[in-house]
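Report on the structure
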Amino acid sequence: EAGVVQSPRYKIIEKKQPVAFWCNPISGHNTLYWYRQNLGQGPELLIRYENEEAVDDSQLPKDRFSAERLKGVDSTLKIQPAELGDSAVYLCASSPLAGELEQFFGPGTRLTVL
Amino acid sequence: DAKTTQPTSMDCAEGRAANLPCNHSTISGNEYVYWYRQIHSQGPQYIIHGLKNNETNEMASLIITEDRKSSTLILPHATLRDTAVYYCIVRALNTGFQKLVFGTGTRLLVSP
């Protein structure tokens, strides 16, 4: 069974540029999560989707971050414009149900903003 | 939400048991103990969880003290591939959505 797929794995951009990350969850998983992981820290939840609905985006910096999951399957996280402090690993995870604490994580996208 | 305390780092010799402690002295009766690990350049991976009984699966064993204020994750025969950051997370179930809150974890280094 394929795991959570993320692309790209690495991205280097200059500040003020836009950037997008893509995630394809495990087939059949209705719940999708985006996390951000700063160096030396654990992941922090940015947004959670139940099918195509964003049900928890309280930690998403809405002035520059946006996300979508149009057909309730794959998802895109965007930053526009990027700032130096956005350098981090962006992780996508999925789970079959909303209440599951057993989440399946992708390998992440490492973003470097210069 | 109960907070957890873990040592920053630990070392283990290959083939020996790795015992990773976690303190969660403010844990509530309906809160589970979950363990995840994160190997370098990978996303976190679920290992095991428990409420009050000891649990074992193909990856590890989880020992929870009788008062539930602490637990130990045991990797019975550590290999080099077990080198990772191990996160202990305490969270309730069946009380609405419960997000995973990761701390800084324990960095386990398994050496030959």
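Structural data are supplied above this passage.
Residues numbered from 1 in each chain as written. Chains lettered and ligands numbered in written order. Predicted model: local features only at pLDDT ≥ 70, side-chain atom pairs only at ≥ 80, totals over all residues. Heavy atoms only, no water.

1. Section: the overall build of chain B
- Within chain B, the regular secondary structure consists of zero helices and nine strands.
- When each of the 112 residues of chain B is scored for burial, the buried share is 44%.
- If you sum the accessible surface of chain B, you get close to 5,900 Å²; carbon and sulfur atoms cover 47% of it. (Helix = DSSP H or I, 4+ residues; strand = E, 2+ residues; numbered from the N terminus. Buried < 20%, exposed > 50% of the residue type's maximum accessible area, 1.4 Å probe, protein only. Areas by Shrake-Rupley, 256 points an atom, 1.4 Å probe, with all protein chains shown as cover.)

2. As for the pairing of strand β7 (residues 65–68) of chain A
Residue and element names in this part refer to chain A.
- Across four bridges, β7 lies against strand β8 (residues 75–79) in antiparallel orientation. Paired with S66 across the strands is K78, a residue of β8.
- Taking the residues that link successive antiparallel strands as the turn, the β7-β8 hairpin has six residues, and the phi of G72 there is positive, at about 70°. (Pairing = 2+ DSSP bridges.)

3. Points about the interface of chain B and chain A
- Opposite the 19 residues of chain B that make contact, chain A presents 21 residues.
- Interface area, chain B with chain A, both sides summed: about 1,600 Å², of which 59% is carbon and sulfur.
- Linking chain B with chain A are zero salt bridges.
- At the junction of chain B and chain A, the tally comes to six residue pairs in polar contact (both at pLDDT 80 or more).
- Going through the elements one at a time, β3 (31–38) and β8 (84–92) of chain B are the ones with two or more residues in the side of chain B that touches chain A.
- Of the residues contributing to the side of chain B that touches chain A, the split by class is ten nonpolar, seven polar and two charged. (Contact = heavy atoms within 4.5 Å. Buried area = accessible area lost by both parts, 1.4 Å probe. Salt bridge = Lys/Arg side-chain N within 4 Å of Asp/Glu carboxyl O. Polar contact = N/O pair within 3.5 Å; in protein donor to acceptor, adjacent residues only side chain to side chain. Nonpolar A, V, L, I, M, F, W, Y, C, P; charged D, E, K, R; others polar.)

4. Describing the sheet that holds strand β5 (residues 55–56) of chain B
Residue and element names in this part refer to chain B.
- An order of β2-β7-β6-β5 is seen for the four strands of this open sheet, with the pairing classed as antiparallel. Bordering the open sheet on either side are β2 (18–23) and β5, each of which pairs with just one other strand.
- Relative to strand β7 (residues 70–75), β2 runs antiparallel, the two sharing six bridges. Residue pairing for β7: C22 is matched across the bridge by S71.

5. Some points on the state of the cysteines
- The full count for this structure, using the stated rule, is two disulfides over all chains.
- Note on cysteine connectivity: C23 of chain A is disulfide-linked to C92 of chain A, with sulfurs 1.9 Å apart. Since a negative S-S torsion denotes a left-handed disulfide, the C23 of chain A-C92 of chain A link at about -65° is left-handed. On the criterion of sequence distance, the pair formed by C23 of chain A in strand β3 (residues 19–24) and C92 of chain A in strand β9 (residues 88–95) is long-range, its members being 69 residues apart.
- Classification of C92 of chain A by relative accessible area gives buried; the value is 0%.
- The disulfide partner of C22 of chain B is C88 of chain B, and the gap between their sulfur atoms is 2.1 Å. Of note, the bridge from C22 of chain B to C88 of chain B carries an S-S torsion of about -80° and is left-handed in sense. Here C22 of chain B, found in strand β2, pairs with C88 of chain B, found in strand β8; they are 66 residues apart in sequence, far enough to count as distant. C88 of chain B matches C22 of chain B in its accessibility class, with the two residues each being buried.
- Cysteine C12 of chain B is unpaired, with the sulfur of C22 of chain B as its nearest cysteine sulfur at 18 Å.
- Its relative accessible area of 10% is what places C12 of chain B among the buried residues. (Disulfide = S-S within 2.5 Å.)

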